[in-house]
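Analysis of the macromolecular model
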Amino acid sequence: MQCIESIKEFGGYLNRYTHDSTACHCKMTFSVYLPPQAKTANVPALYWLSGLTCTDDNARVKAGAQRYAAEHGIAIIFPDTSPRGDDVADEAERYDLGKGAGFYLNASQPPWSSHYHMYDYINTELPALVEASLPLIAGVKSVSGHSMGGHGALICALKNPQAYRSVSAFSPICNPVNCDWGQACFTAYLGDDANQWKAYDATALIEAGAKVSDILIDQGTADEFYEQQQLLPENFKAACEKSGQALTLRMQDGYDHSYHFIASFIGEHIAYHAKALKQT
């Protein structure tokens, strides 16, 4: 784990690292914001999973999260969205498959299965790495994300309810087995058996009995991908209501899919996670 950049912000430091990933079989890059409280004590962590086309850089520059992380004394981990490198499979003409579009799953189909193991990377390899190397409280973490990363946050929490203190999402892809993005990518990464796709679908996981203490989702009503039926939050809400899963789904009038939307509400999400992360 090599630090390649360090920038002071709000009394803490925004650091960028590279390392050789055993899960993704390539060099990975990620960023970490360490709040000023980390100078004297270990702090809890929020993992932020970004959406299609993003790297670790998008959220750390555009979301405005570090100010609130400093106030609450929590670190933010910004992973990349996919494996990278010249030998990593890609579909260069598509933004929704390949590099920048790992969907936070473990691919089982070639050529993707050689590198695309983002689920293992996010849930196992990266936490072990940063908790061993940085002033973080071992095992005390939450997860959030946007769009494809919102999908990732939901499935990571639902599949590992003891690992994350809380989960939230902005404009998540809630039911990928029933939208064009999910169907196309899941076919490529996981094969033609739609039953295999359900292991990485938040709505299907709720329907199968997965449960966490609470879920917070913000969705803009002027989101073009919401209008195109790519996100399907109503499907997720119906599944939660049927199963008794606690869910706060806030439809935010007039907001779109961009980081302007995220920046408008990120402070509330970080406060939500900070409350859970600081419970003893």
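Residues numbered from 1 in each chain as written. Predicted model: local features only at pLDDT ≥ 70, side-chain atom pairs only at ≥ 80, totals over all residues. Heavy atoms only, no water.

1. Quick notes on the overall build of the protein
Counting secondary structure elements, the protein contains 10 helices and 9 strands. On C-alpha atoms alone, the protein measures out to a radius of gyration of 17 Å, which is about the 19 Å that the 2.2 N^0.38 rule sets for 280 residues. Reported as C-alpha extents along the three principal axes, the dimensions of the protein are approximately 50 × 40 × 35 Å. Here the protein, with 280 residues, has 56% of them falling under the buried criterion. Across the protein, every contact between residues at least 6 apart in sequence was considered, and the portion connecting residues at least 24 apart equals 71%. Carbon and sulfur atoms make up 48% of the accessible area of the protein, which amounts to about 11100 Å² in all. Put simply, the protein has 20 plus and 31 minus side-chain charges, and the middle of one group is 9 Å from the middle of the other. (Helix = DSSP H or I, 4+ residues; strand = E, 2+ residues; numbered from the N terminus. Rg over C-alpha atoms; globule rule 2.2 N^0.38 Å. Buried < 20%, exposed > 50% of the residue type's maximum accessible area, 1.4 Å probe, protein only. Contact = heavy atoms within 4.5 Å. Areas by Shrake-Rupley, 256 points an atom, 1.4 Å probe, with all protein chains shown as cover. Lys, Arg positive; Asp, Glu negative; His and termini not counted. Charge placed at Lys NZ, Arg CZ, Asp CG, Glu CD.)

2. Describing the sheet that holds strand β7 (residues 168-170)
One open sheet holds the 3 strands; their spatial order is β7-β8-β9, and the pairing between them is parallel. Both outer strands of the open sheet, β7 and β9 (248-252), are each paired with one neighbouring strand and no more. For this sheet, the mean angle separating the axes of adjacent strands, direction not counted, is 15°. Relative to strand β8 (residues 216-220), β7 runs parallel, the two being bridged by 3 bridges. If you follow Ala-169 over to β8, its bridge partner there is Ile-217. (Pairing = 2+ DSSP bridges. Axes fitted to C-alpha atoms, helices over the stretch in contact; angles between N-to-C directions.)

3. Comments concerning the layout of surface pockets
The volume enclosed by the largest pocket comes to roughly 230 Å³. Along the wall of the largest pocket there are 14 residues; nearest its centre are Leu-52, Thr-53, Cys-54, His-146 and His-257. Looking at the lining of the largest pocket residue by residue, the class counts come to 6 nonpolar, 7 polar and 1 charged. There is about 180 Å³ of room inside the second largest pocket. (1 Å grid on protein atoms, 1.4 Å probe; cavity = no way out; pocket = protein on both sides within 12 Å on 5 of 7 lines; lining within 4 Å. Points joined across faces, edges and corners; volume = space filled by probe spheres on them. Nonpolar A, V, L, I, M, F, W, Y, C, P; charged D, E, K, R; others polar.)

4. Some details on the environment of Cys-26
Tracing the backbone shows Cys-26 in strand β3 (residues 26-34). Judged by its relative accessible area of 10%, Cys-26 falls in the buried class. The spacing of Cys-26 and His-146 is 120 residues in sequence and 24 Å in space, taken between C-alpha atoms. Apart from the residues lying within four places of it in its own chain, the contact partners of Cys-26 are His-19, Asp-20, Ser-21, Pro-83, Arg-84, Val-88 and His-115.

5. Notes on the side chain of Gln-245
Here Gln-245 is to be found in the loop between α9 (233-243) and β9. With a relative accessible area of 5%, Gln-245 lands in the buried category. The residues touching Gln-245, leaving out its near neighbours within four places in the chain, are Ile-206, Ala-210, Lys-211, Val-212, Ser-213, Asp-214, Ile-215 and Cys-240.

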